[in-house]
Amino acid sequence: MAAEWIIPANPTEGKVLLYIHGGGFISGSCRTHRAIVAKFALGCRLKALVFDYRLAPEHPFPAGLDDCVAAYRWLLEEGYRSDDIVVGGESAGGTLTLSLLLALKEKKIPLPKAAFSISPVTDLRCQAASFEYNAKNDIAPINASAVWTSYYVGRNDPVSPLLSPLMGDYKGLPPLHICVGTHEIHYDDCADVAAKAKAHGVDVTFSQWLKMVHAFPVLSPLFPEAKMAMREICGFVKKQLNIQ
């Protein structure tokens, strides 16, 4: 699959960010997310790898997740230690980030040092209460998420933990940073998965932002909250990788 490195000036040697782009499981690419990933690369002082995983509806689950596992394996094969890798993504990429952690655990592949997930949908049945009470606050067209996720689910059972990471077992997973705005339809999904991971003993940072919209940190530097959230996420990554 196509992939590309986003490399800032003077990146931290030997450490890397694996970024999984969003796009509702049906869109997005290295090209659409090049500028977004560059913000994280600069803010974290890291080389970042972004890749074109297969998209629904032509390629439903598990194609996209399989490609995420392949990209992570490739980094290990290239000589990166798991403790020197952080995984992150926004929207569907945030979902796939959590699914990737669960898949790596299931396959007994060494886990990354940490992960961040921005505005993920964690239950692909899209039945959380926030899908209703935030429907008019969220920037997504009403019921759009249910359409996009159904393309990715295909004929599979949506309660599978690798499809809906809220259903997963988080014991033994690395530190997580989960970011969401309170005006998102995905708000409950984010709150619920953060609570579950914490109950399973994971070091969880749950960052919720008043009246913010879907995946707002990637809009940095357009408004102060986006800039602050971006700095917070990059600070989390640098702390986990011991980058000064």
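Refer to the preceding data block for the structure.
Residues numbered from 1 in each chain as written. Predicted model: local features only at pLDDT ≥ 70, side-chain atom pairs only at ≥ 80, totals over all residues. Heavy atoms only, no water.

1. Brief notes about the overall build of the protein chain
Inference 1: From N to C terminus, the protein chain includes seven helices and seven strands.
Inference 2: Ordered by position from N to C terminus, the α and β elements of the protein chain give β-β-α-β-α-β-α-β-α-α-β-α-β-α.
Inference 3: For 244 residues, the compact-globule estimate of 2.2 N^0.38 gives 18 Å, and the protein chain sits close to it at 16 Å.
Inference 4: Across its three principal directions, the C-alpha atoms of the protein chain cover 45 × 40 × 35 Å.
Inference 5: A burial count over the protein chain gives 57% of its 244 residues as buried.
Inference 6: Once local pairs closer than 6 in sequence are excluded, the contacts in the protein chain between residues at least 24 apart make up 79%. (Helix = DSSP H or I, 4+ residues; strand = E, 2+ residues; numbered from the N terminus. Rg over C-alpha atoms; globule rule 2.2 N^0.38 Å. Buried < 20%, exposed > 50% of the residue type's maximum accessible area, 1.4 Å probe, protein only. Contact = heavy atoms within 4.5 Å.)

2. Quick notes on the environment of aspartate 189
Inference 1: Relative to the elements of secondary structure, aspartate 189 occurs in helix H6 (residues 187-199).
Inference 2: Sequence separation between aspartate 189 and alanine 129 is 60 residues; the distance between their C-alpha atoms is 9.2 Å.
Inference 3: Beyond its immediate stretch of four places on either side in the chain, aspartate 189 contacts Pro120, Val121, Thr122, Asp123, Ala128 and Phe131.

3. A closer look at the packing of aromatic side chains
Inference 1: Scanning all chains against the criterion turns up ten aromatic pairs.
Inference 2: Between phenylalanine 25 and tyrosine 152, the ring centres sit 4.3 Å apart and the planes meet at 5°, which makes this aromatic pair stacked. Linking phenylalanine 25 in the loop between strand E2 (16-20) and helix H1 (30-44) with tyrosine 152 in helix H5 (residues 144-153), this pair joins segments that are 127 residues apart in sequence. The same class applies to phenylalanine 25 as to tyrosine 152, namely buried. (Phe/Tyr/Trp six-rings, centres within 6.5 Å; stacked < 30°, edge-to-face > 60°.)

4. Examining the packing of helix H2 (residues 63-77) against helix H3 (residues 92-107)
Inference 1: Interhelical geometry of H2 versus H3 gives an angle of 70° and a closest axis separation of 10 Å. Between H2 and H3, the interaxial angle falls into the category roughly perpendicular. Of the two possible hands of crossing, H2 and H3 adopt the one that is right-handed. Seen from H2, the contacting residues are Gly64, Leu65, Cys68, Val69, Tyr72 and Arg73; seen from H3, they are Leu96, Ser99, Leu100, Ala103, Leu104 and Lys107. (Axes fitted to C-alpha atoms, helices over the stretch in contact; angles between N-to-C directions. Parallel < 35°, antiparallel > 145°, perpendicular 65-115°, else oblique. Left-handed = near helix turned anticlockwise from the far one by under 90°.)

5. With respect to the sheet that holds E2
Inference 1: Strand order in the open sheet formed by seven strands is E1-E3-E2-E4-E5-E6-E7, and the pairing between neighbours is mixed. If you trace the sheet from one side to the other, it starts and ends with strand E1 (3-6) and strand E7 (204-209), each paired once. Neighbour to neighbour, the strand axes of the sheet diverge by 15° on average, direction disregarded.
Inference 2: Where H1 meets the sheet, its contacts fall on E1, E2, strand E3 (47-51), strand E4 (85-90) and strand E5 (114-118), and the angle it forms with E1 comes to roughly 30°. (Pairing = 2+ DSSP bridges.)

6. Description of the environment of proline 60
Inference 1: Within the secondary structure, proline 60 sits in the loop between E3 and H2.
Inference 2: Residue class for proline 60 comes out partly exposed when judged on its relative accessible area of 29%.
Inference 3: For the pair formed by proline 60 and arginine 73, sequence separation is 13 residues and the distance between their alpha carbons is 21 Å.
Inference 4: Those residues in contact with proline 60, other than ones at most four positions away along the chain, are Tyr151, Tyr152 and Gly154.

7. Remarks on H1
Inference 1: The axis of H1 is deflected most strongly, by about 35°, at isoleucine 36.
Inference 2: When H1 is considered as a whole, its buried residues turn out to be Cys30, His33, Ile36, Val37, Phe40, Ala41 and Cys44.
Inference 3: Backbone nitrogen of arginine 31 and a side-chain oxygen of the N-cap are separated by 3.2 Å at the start of H1; the cap is serine 29.
Inference 4: Positive backbone phi, at 60°, marks arginine 45, one or two positions downstream of H1. (Bend = angle between axes of the 7 residues up to and from the residue. Polar contact = N/O pair within 3.5 Å; in protein donor to acceptor, adjacent residues only side chain to side chain.)

8. Considering the pattern of salt bridges
Inference 1: Applying the stated rule across the entire model yields seven salt bridges.
Inference 2: The salt bridge involving arginine 34 is made with glutamate 4; its shortest N-O contact spans 2.7 Å. One end of the pair, arginine 34, is in helix H1; the other, glutamate 4, is in strand E1, with 30 residues separating them in the sequence.
Inference 3: Residue arginine 34 is classed as partly exposed on the basis of its relative accessible area of 40%.
Inference 4: For lysine 105, the salt bridge goes to aspartate 169, with nearest N and O atoms at 3.6 Å. With lysine 105 in helix H3 and aspartate 169 in the loop between H5 and strand E6 (176-181), this residue pair connects regions lying 64 residues apart in the sequence.
Inference 5: Judged by relative accessible area, aspartate 169 falls into the partly exposed class, the value being 38%.
Inference 6: What emerges from the salt-bridge pattern is a single network uniting Lys15, Arg81 and Asp84. (Salt bridge = Lys/Arg side-chain N within 4 Å of Asp/Glu carboxyl O.)

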